[in-house]
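Architecture at a glance
This is what each chain is made of:
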Amino acid sequence: MKLLTWKNAFRAFVWGGAAAAVLAVIGVIAAVVYVVRVTEDLPEYQQLAEYTPPIMSRVHAGDGLLIAEYAREHRVFVPIENIPPVVIEAYLSAEDKNFYTHGGVDYLGMLRGGIRSVLTRLRNPNAPLQSGSTITQQVAKNFLFSSDQAIERKVREIVISRRMERAFTKDQILELYLNEIYLGNRAYGIAAAALNYFDKSLDELELHEAAYLAALPKGPNNYHPTRRTENAIGRRNWVLSRMVANGYITQAEAENAGAMPLEAVERLEGDTYLAAEYFVEQVRREVFSRYGEDELYEGGLSIRTTLDTSMQLTARRALRDGLEAYDRRHGYRGPLATLDDFNDWPAQLEAVDAPRDLDDGWRKALVLEVTNGQADIGFEDGSRGRVPLYALEWAREFGRDDETFPRRGPAVQRAGDVLELGDVILVEAIAAEDYPEETVEEGDYGLRQVPEVNGGIVAIDPFTGRVLSMVGGYSFTQSQFNRAVQANRQPGSAFKPFVYAAALDNGYTPVSIILDAPFVASGDAEMRFYRPQNYSEVFYGPSTLRRGLELSRNVMTVRLAQELGMGPITNYGERFGIYEDLEPTLAMSLGAGETTLVDLIGAYAAMVNGGRLIEPSIVDRVQDRSGATIYLSDTRECVGCDVEEWTGNVAEPQLPAMGEEVISPVTAYQVVHMLEGAVQRGTGTALRALGRPLGGKTGTTNDFRDAWFVGFSPDLIVAVYVGYDTPLPLGSGEAGGRVAAPIARDFLGPVLQGYPIAPFRVPDGVALAPIDRETGEPGIIGRPGVILEAFQPGTEPQRGATAEEETLSFGDGALGARRGQDGEDADAQDAEDDEELGDLY
């Protein structure tokens with residue numbers, strides 16, 4: 001019986017062993033089949049050798065300051081040899097201390113992770129699995145797989161990791177990892193993280209900062225530097241302790257680093273970046289148009305722009321001050337909101353939305369009490385102040401008349417005429433110099449409001465076309481519409497210099513006489529007769545071209561256009577890039593066609609630089625991710641520039657002039673010289689206080705709907721436009737000289753401190769002759785009213801001849817040409833024309 005039992009047991013053991021062996025073989029076969037099945041579509045690891053990670057494109061100003069970044073994934077790729085050892089050591093300590101010794105998979109680490117996962121799942125069935133992945137496995141996961149914790153994904157990850165270890169060096173794998181991993185705060189890779197968290201390059205990181213970045217792979221949101229500071233510091237200090245354990249740093253170094261505060265910074269913020277927003281957006285549009293979306297947001301382009309950040313700040317300040325000054329001249333439009341009860345007024349005030357992008361120092365306030373002499377106000381923090389009556393005198397009620405012209409209500413007699421209890425308003429602290437005749441006390445505030453009117457300002461180098469500053473509106477945050485580039489508006493009299501340039505190239509001189517007297521021409525379907533008027537509504541009789549341009553005489557300009565013919569004028573308008581297809585009607589000579597601020601300033605640059613048309617540019621150079629230049633704005637060849645040193649024994653290399661010549665240098669200088677007179681004696685006198693050679697021209701359209709000013713020195717041009725986005729009258733008297741010219745002055749004043757005081761360059765071929773600026777007759781230098789006038793050679797008046805004789809001698813455009821060809825017949829025809837005009841009038 002015992003023998004039978006033993007035999008049965010032995011037989012069972014044999015059969016059991018056999019069954020176990022079969023099951024083991026089946027298991028192995030099943031495992032192999034499973035591995036083969038889940039890895040049969042495994043991506044080729046060789047693709048990593050050709051991998052080009054998405055890299056953000058970066059935009060720098062002309063002075064080198066980083067002003068913008070464009071990216072889907074904010075990443076700066078850094079080769080492994082350029083990554084500081086302390087950064088590498090921090091990541092190895094935190095993520096994979098055996099990275100340089102294992103074969104891609106740390107099986108002991110995986111076992112530990114599996115045990116922790118089981119224990120964690122017993123407590124929380126929904127807890128994520130802890131995989132114990134190596135850096136190689138994380139690279140495989142980040143590049144080739146999803147980030148889920150499925151067993152199938154883990155098997156695939158192990159297989160591809162082993163293959164990667166055979167195909168790549170450890171340094172190559174680590175380089176991929178450190179440049180690809182997501183570290184929160186919009187940062188992919190360690191270089192972008194160093195910038196986004198600390199505004200530092202990798203080689204500027206301190207030990208405690210490197211340790212913090214190494215703490216982030218496990219979960220950036222869990223260790224946010226401001227929202228979860230305690231957790232972040234704890235994790236950072238844990239990384240420091242692992243660095244000590246691995247022998248990378250000493251205990252003392254770890255303790256010193258662990259005592260450091262965690263201070264993250266906000267990048268690309270502040271006045272400089274705020275001021276550049278319109279410019280940066282225009283750069284984005286241009287690069288997007290040229291290279292496409294993927295290259296812009298993933299191509300790692302280095303974009304060097306023309307922007308002068310200091311000049312840009314000045315431009316934005318000048319424009320905002322000018323728009324606010326205009327706005328205050330036309331009254332107060334009312335509070336932001338009105339509160340009915342004051343149960344918890346600081347919190348109620350905080351809940352009221354204020355306009356974004358307010359001027360520095362502007363605050364939201366609540367009117368708590370109103371007396372005749374002041375309004376008491378409170379702020380969100382519970383503090384209080386007052387708005388005295390003298391700071392409310394500008395705030396008369398705003399309105400518009402039946403013709404939509406702005407009108408103001410009666411004068412302010414007491415604070416209650418402007419403010420009421422419960423009004424939510426904007427205020428700014430005032431200083432004694434703001435009201436020198438008043439006693440300004442601490443806690444006194446002035447009432448403020450965001451302008452409804454808008455505008456733009458552009459400044460360029462006239463010889464290169466480089467846009468040094470561009471502001472397209474009062475606030476980019478409030479409106480992204482760029483009025484410097486996108487707003488097509490009538491330039492008004494700002495177009496007149498090109499009318500006069502056409503005349504100068506067709507037989508006229510600066511002393512040619514044009515009659516400033518009532519003028520009537522046939523109109524169109526909407527207007528039977530065309531009757532232009534001077535701004536002053538006064539006629540001045542026979543006047544020189546110079547006086548007509550200096551004082552921006554409308555009737556003279558239209559009469560000149562009729563004599564000259566609109567053909568040359570439309571040709572010049574299109575040749576200078578102001579218009580694409582200008583209608584040849586007399587009204588167009590007064591700037592009735594539409595153009596943009598940037599096109600107009602480009603045309604003026606051709607006058608200032610001696611006659612060469614240069615398209616304004618905002619990008620100097622674009623380089624691809626490898627550093628190769630793929631776009632260069634200035635393509636001129638500089639012969640003799642590429643030398644190691646210049647000894648002075650040879651002449652300095654000369655760059656050829658940029659652009660195509662669209663007008664002779666002599667004619668260009670004649671116009672510039674006359675526009676100097678507009679600053680000294682005409683419509684541009686707002687610039688006269690700057691005390692240096694400057695030229696300028698105003699522009700104002702019908703009903704004062706648009707106000708323009710273009711001002712320039714020999715080396716800088718600024719153009720300003722002001723108007724409502726939906727065209728409305730700015731108000732009676734709100735012409736270019738009052739609205740736009742002060743903005744240009746406030747810009748040029750500080751900016752020109754960096755430019756030498758110098759006269760405008762006189763080109764070869766200009767004949768300078770002393771002329772009485774009023775009559776155009778020859779004069780003697782030193783006598784009152786006598787200036788040196790610029791003439792084409794041979795056209796300057798001779799002493800003893802009158803201006804009228806000079807007009808007959810040298811010709812008044814089409815009139816003079818016809819006299820030279822047809823003699824008395826032309827005179828007779830002109831008489832008939834005058835008679836017809838008289839009948840029409």
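Check the entry above for the structure.
Let me begin by describing the structure that accompanies this report. (Residues numbered from 1 in each chain as written. Predicted model: local features only at pLDDT ≥ 70, side-chain atom pairs only at ≥ 80, totals over all residues. Heavy atoms only, no water.)

The number of helices and strands found in the protein chain is 26 helices and 26 strands. Counting over 841 residues, the protein chain shows a buried share of 49%. In the protein chain, of all internal contacts separated by at least 6 residues, the share reaching a separation of at least 24 is 68%. As displayed, the protein chain has an accessible area near 39500 Å², and 49% of this comes from carbon and sulfur atoms. (Helix = DSSP H or I, 4+ residues; strand = E, 2+ residues; numbered from the N terminus. Buried < 20%, exposed > 50% of the residue type's maximum accessible area, 1.4 Å probe, protein only. Contact = heavy atoms within 4.5 Å. Areas by Shrake-Rupley, 256 points an atom, 1.4 Å probe, with all protein chains shown as cover.)

Here the focus is helix H18 (residues 554-564). Working note: α-helix, 3.6 residues per turn, so residues spaced by three or four point in the same direction. Judged by how many residues are buried, H18 sits mostly within the fold: nine of 11 residues are covered. All buried positions along H18 are accounted for by Asn554, Val555, Met556, Thr557, Val558, Arg559, Leu560, Ala561 and Leu564. Where H18 ends, the next residue or the one after it, glycine 565, has phi of about 95°, a positive value.

Right, let's get into the state of the cysteines. The final tally for this structure, using the stated rule, is one disulfide. There is a disulfide in this structure between cysteine 638 and cysteine 641, and the S-S distance comes to 1.5 Å. Cysteine 638 gets classed as partly exposed once you look at its relative accessible area, which sits at 24%. Taking relative accessible area as the criterion, cysteine 641 reaches 39% and is therefore assigned partly exposed. (Disulfide = S-S within 2.5 Å.)

Quick look at the sheet that holds strand S3 (residues 302-305) now. Strand order across the open sheet formed by five strands is S2-S1-S3-S19-S20, with mixed pairing between neighbours. Each having just a single partner strand, strand S2 (66-70) and strand S20 (629-632) make up the two edges of the open sheet. Each neighbouring strand pair of the sheet contributes to a mean axis angle of 15°, computed without reference to strand direction. In this structure, S3 lies alongside strand S19 (residues 619-623), joined through four bridges in antiparallel fashion. Across the sheet, threonine 305 pairs through a bridge with valine 619, a residue of S19. (Pairing = 2+ DSSP bridges. Axes fitted to C-alpha atoms, helices over the stretch in contact; angles between N-to-C directions.)

Further remarks concern unusual backbone geometry. Positive phi, normally seen in glycine, also occurs at arginine 186, with a value near 65°. Within the element layout of this structure, arginine 186 appears in the loop between helix H6 (170-180) and helix H7 (190-198). For arginine 186, a relative accessible area of 47% translates into the label partly exposed. For aspartate 703, which is not a glycine, the phi torsion comes out positive at approximately 60°. Along the chain, the position of aspartate 703 falls in the loop between strand S22 (695-700) and strand S23 (706-713).

Moving on: the side chain of histidine 102. Structurally, histidine 102 is set in the loop between helix H2 (85-95) and helix H3 (107-123). Setting aside chain neighbours within four positions, we find histidine 102 in contact with Asp96, Thr134, Thr136, Glu165 and Lys170.

Attention now moves to the packing of aromatic side chains. As enumerated under the stated definition, the model contains 17 aromatic pairs in all. Ring centres of phenylalanine 498 and tyrosine 604 lie 5.3 Å apart, and the angle between their planes is 90°; this geometry places the pair in the edge-to-face category. Taken together, the positions of phenylalanine 498 in helix H16 (residues 496-504) and tyrosine 604 in helix H20 (residues 597-608) put the pair 106 residues apart, joining distant regions of the chain. The same class applies to phenylalanine 498 and to tyrosine 604, which are both buried. Judged by centre distance (5.7 Å) and plane angle (75°), the ring pair of phenylalanine 712 and phenylalanine 760 falls under edge-to-face. A residue pair is termed long-range when its members are at least 10 positions apart, and phenylalanine 712 in strand S23 and phenylalanine 760 in the loop between helix H23 (741-751) and strand S25 (767-772) qualify at 48 residues. Exposure class is identical for phenylalanine 712 and phenylalanine 760. Each is buried. An aromatic cluster is built from Phe495, Phe498, Tyr572, Phe576, Tyr579 and Tyr604, whose rings are joined through pairwise contacts. (Phe/Tyr/Trp six-rings, centres within 6.5 Å; stacked < 30°, edge-to-face > 60°.)

Our next topic: the packing of H2 against helix H8 (residues 207-214). Two numbers describe a pair of packed helices, the interaxial angle and the distance between the axes. Two numbers describe how H2 lies on H8: the axes approach to 9 Å, and their chain directions differ by 40°. As the angle between them shows, H2 and H8 are arranged oblique. The element H2 and its partner H8 pack so that their crossing is right-handed. Between H2, through Val86, Val87, Ala90, Tyr91, Ala94 and Glu95, and H8, the contact on the second element is made entirely by Leu207, Ala210, Ala211, Leu213 and Ala214. Counted by class, the contact of H2 with H8 contains 10 nonpolar, no polar and one charged residues. (Parallel < 35°, antiparallel > 145°, perpendicular 65-115°, else oblique. Left-handed = near helix turned anticlockwise from the far one by under 90°. Nonpolar A, V, L, I, M, F, W, Y, C, P; charged D, E, K, R; others polar.)

Attention now goes to the pairing of strand S6 (residues 374-378). Strand direction decides the pairing type here: strand S5 (residues 362-370) and S6, joined by four bridges, are antiparallel. In the strand pairing of S6, valine 367 is matched with isoleucine 377. Here S5 hands over to S6 after three residues, the two strands then running antiparallel side by side. With five bridges connecting them, S6 and strand S7 (residues 384-388) associate as antiparallel partners. Note on S7: the bridge partner recorded for isoleucine 377 is glycine 385. The loop that links S6 with its antiparallel partner S7 comprises five residues; one of these, glycine 382, has a positive phi angle of about 90°.

With that out of the way, let us pick up a negative patch on the surface. Residues Glu574, Glu580, Asp581, Glu583, Asp599 and Glu615 make up a contiguous surface patch of negative charge. When you line up the elements, glutamate 615 lands in the loop between strand S18 (612-613) and S19. With a relative accessible area of 68%, glutamate 615 lands in the exposed category. (Patch = residues over 30% accessible without salt bridge, like charges linked within 9 Å, V, L, I, M, F, W, Y side chains within 5 Å. Salt bridge = Lys/Arg side-chain N within 4 Å of Asp/Glu carboxyl O. Lys, Arg positive; Asp, Glu negative; His and termini not counted. Charge placed at Lys NZ, Arg CZ, Asp CG, Glu CD.)

This next bit is on the environment of threonine 477. Following the sequence through the fold, threonine 477 ends up in the loop between strand S13 (467-471) and H16. Separated by 200 residues in the primary sequence, threonine 477 and glutamate 277 have C-alpha atoms spaced 8.7 Å apart. With sequence-adjacent residues up to four places away left out, threonine 477 is seen in contact with Glu277, Arg356 and Asp357.

One can describe the packing of H7 onto H8 by two numbers: an axis separation of 11 Å at closest approach and a directional angle of 115°. In the crossing of H7 with H8, the sense of the turn from one axis to the other is right-handed. The residues of H8 that touch H7, namely those facing Ile190, Ala193, Ala194, Tyr197 and Phe198, are Glu209, Tyr212 and Leu213. Residues of the contact of H7 with H8, tallied by class, amount to seven nonpolar, no polar and one charged.

What follows is about the side chain of threonine 314. Within the fold, threonine 314 resides in helix H14 (residues 309-329). For threonine 314, the contacting residues outside a window of four places in its chain are Asp746, Phe747, Pro750 and Val751.

This paragraph deals with the pairing of S23. Residues in a regular strand project their side chains so that they alternate between the two faces of the sheet. For S23, a buried count of eight out of eight residues is recorded, marking the element as mostly surrounded by other parts of the structure. Burial of S23 is two-sided: the residues Asp706, Trp708, Val710 and Phe712 facing one way and the residues Ala707, Phe709, Gly711 and Ser713 facing the other way are all buried. Taken together, the six bridges between S22 and S23 define a ladder with antiparallel strand orientation. Residue threonine 698 lies in a different strand from S23, and its bridge partner there is phenylalanine 709. The hairpin turn running from S22 into S23, its antiparallel successor, is five residues long, and aspartate 703 in that turn takes a positive phi close to 60°. Relative to strand S24 (residues 716-723), S23 runs antiparallel, the two sharing eight bridges. The residue bridging serine 713 from the neighbouring strand is leucine 716, located in S24.

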